[in-house]
Amino acid sequence: MSTTELPASHAQLMDGVYRWQRHIYDLTRKYYLLGRDRLIAGLDVPAGGTVLELGCGTGRNIILAARRYPGARLFGLDISAEMLETATAALAREGLSGRVTLARGDATNFDAKALFGVESFDRVFVSYSLSMIPGWEKTVSAALAALSPGGSLHVVDFGQQEALPSWFRKLLRGWLKKFHVEPREVLRDVLESESARVGASLRFRTLYRGYSWLAVIKIAI
């Protein structure tokens, strides 16, 4: 998908939100975007495998994945030009520009071949992005469509804070709303439905008393 085809309102919103936030994003988010490193550790990328992150943001996750899986080829997609600028600079500092390819696009509707020259991926992951994407269910479908046989989709995002105090849930929701973030109450239902649709298996876990949800959908070979 070319930049001219991006949903202008959401792209502009994200650029506005992160024009300045991107400079302190990783410093602040490490305290409450919990479960990201566990997702990366669980990718188990095969030798020479391909990995796509949808909503790659500042590049923090993709850099950690590149370090953990040195034989992998990595790709990142984000709708925000501001975030991609930060990610590009971070990759250059880490000496990873040659191993990681970034592109601007809509995670709900993207053409991997046109953007990256790759037909499909061994692993696709989405970290704390579904809670920010309008029509996020389409992102799940698009991610599954981009997987190779035997590949897997990995998702971590805010849960419903099921076992946490109600006051904490209220404070967290109020804070997240400032950044246009909305925990997806039906995330598990959508993942189950999409898994059944494509004949895949789903592993779903709650972390930190429901603060985060971590899921893996594995496509049959």
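Right above here is the structure, for reference.
Residues numbered from 1 in each chain as written. Predicted model: local features only at pLDDT ≥ 70, side-chain atom pairs only at ≥ 80, totals over all residues. Heavy atoms only, no water.

Participant: For this particular structure, what's the right way to read the sheet that holds strand S2 (residues 73-78)?
Facilitator: One key point about sheets: their strands pair by backbone hydrogen bonds, in either a parallel or an antiparallel sense. Strand order in the open sheet formed by seven strands is S3-S2-S1-S4-S5-S7-S6, with mixed pairing between adjacent strands. Both edges of this open sheet fall to strand S3 (100-104) and strand S6 (201-207), since each of them pairs with a single strand only. Direction aside, neighbouring strands of the sheet carry axes that sit 15° apart on average. Packed on one face of the sheet, helix H4 (residues 60-68) meets strand S1 (50-54), S2, S3 and strand S4 (121-127) and runs near 175° to S2. The strands that helix H9 (residues 187-198) touches are strand S5 (147-158), S6 and strand S7 (212-218); relative to S6, the one it contacts most, it runs at about 165°. (Pairing = 2+ DSSP bridges. Helix = DSSP H or I, 4+ residues; strand = E, 2+ residues; numbered from the N terminus. Axes fitted to C-alpha atoms, helices over the stretch in contact; angles between N-to-C directions. Contact = heavy atoms within 4.5 Å.)

Participant: Is there a simple way to think about the pairing of S6 in this case?
Facilitator: Remember that side chains alternate between the two faces of the sheet whenever the strand is regular. With seven bridges joining them, S6 and S7 adopt antiparallel strand pairing. The residue of S7 that forms the bridge with Phe 204 is Ala 215. Hairpin connection from S6 to S7: four residues lie between these consecutive antiparallel strands, with Tyr 208 at a positive phi of about 55°.

Participant: So what exactly am I meant to see when it comes to the packing of helix H7 (residues 136-145) against H9 here?
Facilitator: Two packed helices can be described by the angle between their axes and the distance between those axes. At a closest axis distance of 11 Å, the pairing of H7 and H9 adopts a crossing angle of 35°. Viewed along their axes, H7 and H9 form a crossing whose handedness is right-handed. Residues Trp 136, Glu 137, Val 140, Ser 141 and Leu 144 of H7 touch H9, and the partners they reach there are Leu 187, Val 190, Leu 191, Glu 194, Arg 197 and Val 198. Partitioning the contact of H7 with H9 into residue classes produces seven nonpolar, one polar and three charged. (Left-handed = near helix turned anticlockwise from the far one by under 90°. Nonpolar A, V, L, I, M, F, W, Y, C, P; charged D, E, K, R; others polar.)

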